[in-house]
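Notes for the structure review
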Amino acid sequence: MSLLDAMNDLKKNGFDPKEGKEYNPYERIPDGTYLMSFDNVNHNAKGDRDFLMLAFTVVQGEQEGKQESIFPSLAQTKSNGEPMPSFVLAKNISMIQVIGEMLNNPIPDSCFNFENESEAYEALVDAFKPAEGRVLEMTIETTPNKKNPQFPFRNYEFKKHEQPKIAKAEDPFAASGDTVEVNDSDLPF
């Protein structure tokens, strides 16, 4: 990417230096409904906790190119060692399965039949891989977080969207029947 390309991206994203605010490509996507592509799924770890990350990108509209990552947790204990409330686990499992359905990639119940979340995350990575590149509609709505007001809760709703048609690539010379064998003696070096 050239400097001119980077400048054009700034302009495309509405950057105006007169506003006195730097461009932040990681600025959160505002509340609304967006057409999103499912980019990938990863099982990562930070410290002694591991997590699942589902990554999406807005594919059209004013927020095009911006990314949203969702981290549904299947941890069975809180960071303080107390048991995770079952409603939290149920909510996250339902979110994972809804996303799979909206991507026309159902997530089987067997992905949750493990003693620990690490094994479940690995099964989910495998289950979500075929859906990479598919699109869905995502509605984002923030609600206040009383404990950490600077980090409001992000709530999601998902809907199916018609998948883009992919052109079928065919060999234009397949019907000609002409083939040429090349061997080492035909090469100039």
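Thresholds, definitions, all that
- Residues numbered from 1 in each chain as written.
- Predicted model: local features only at pLDDT ≥ 70, side-chain atom pairs only at ≥ 80, totals over all residues.
- Heavy atoms only, no water.
- Helix = DSSP H or I, 4+ residues; strand = E, 2+ residues; numbered from the N terminus.
- Buried < 20%, exposed > 50% of the residue type's maximum accessible area, 1.4 Å probe, protein only.
- Contact = heavy atoms within 4.5 Å.
- Pairing = 2+ DSSP bridges.
- Axes fitted to C-alpha atoms, helices over the stretch in contact; angles between N-to-C directions.
- Core = buried A, V, L, I, M, F, W, Y, C linked by side-chain atoms within 4.5 Å.
- pLDDT = per-residue confidence, 0-100.
- Phe/Tyr/Trp six-rings, centres within 6.5 Å; stacked < 30°, edge-to-face > 60°.

So, on to the side chain of E68. Relative to the elements of secondary structure, E68 occurs in strand β3 (residues 67-70). Given a relative accessible area of 3%, E68 falls into the buried group. Beyond its immediate stretch of four places on either side in the chain, E68 contacts R28, I29, M36, L54, A55, F56, M138, I140, R154 and Y156.

We now examine the environment of T77. Mapped onto the elements, T77 comes out in the loop between β3 and α2 (86-102). Taking the relative accessible area as the measure of exposure, T77 reaches 36% and is therefore partly exposed. Among residues more than four places away in sequence, those in contact with T77 are R49, E82, P83 and M84.

This part is about the sheet that holds β3. Strands sit in the order β3-β2-β1-β4-β5 across an open sheet of five strands; the sheet is antiparallel. Every other strand in the sheet has two partners, leaving β3 and β5 (153-160) as the edge strands with one partner each. Neighbouring strand axes in the sheet, compared pairwise and without regard to direction, differ in orientation by 40° on average. Note that strand β1 (residues 32-46) and strand β4 (residues 135-143) share six bridges and pair antiparallel. Bridge pairing links M36 to L136 in β4. Taken strand by strand, α2 contacts β2 (49-58), β3, β4 and β5, and its axis lies near 35° from that of β5.

So, on to the pairing of β1. As paired strands, β1 and β2 are joined by ten bridges and run antiparallel to one another. Counted as the bridge partner of N42 is M53 from β2. Following β1, the chain reverses through two residues before pairing antiparallel with β2; G47 in that reversal takes a positive phi of roughly 65°.

Residues F56, I99, F128 and L136 are the most contacted members of the largest nonpolar core, which totals 30 residues. Broken down by secondary-structure element, the contributors of at least two residues to this core are β1, β2, α2, α3 (117-128) and β4. A total of seven residues in this core trace back to one element, the largest contributor, which is α3. The contact partners of F56, leaving out residues within four places of it in the chain, are M36, S37, F38, D39, K66, Q67, E68, I70, I99, L136 and M138.

Considering every residue of the chain, the mean pLDDT works out to 89; 97% of them sit at 70 or more. When pLDDT is averaged over each element of the chain, β4 comes out on top at 97 and helix α1 (residues 3-12) at the bottom at 82.

Phi at N104 is positive, roughly 55°, even though this residue is not glycine. Among the secondary structure elements, N104 is positioned in the loop between α2 and α3. Overall, N104 belongs to the partly exposed group, its relative accessible area being 39%.

A few words on the packing of aromatic side chains. Enumeration according to the criterion identifies four aromatic pairs in this entry. Where F38 meets F56, the ring centres are 5.4 Å apart and the plane angle is 50°; that geometry is what we call tilted. Taken together, the residues F38 in strand β1 and F56 in strand β2 connect sequence positions 18 residues apart. Overall, the relative accessible area of 0% leaves F38 in the buried class. A centroid spacing of 6.1 Å and a plane angle of 15° characterise the contact between Y156 and F158, whose relative ring orientation is stacked. Overall, F158 belongs to the buried group, its relative accessible area being 10%. Here the aromatic residues F38, F56 and F128 are joined through ring pairs into a cluster of three or more.

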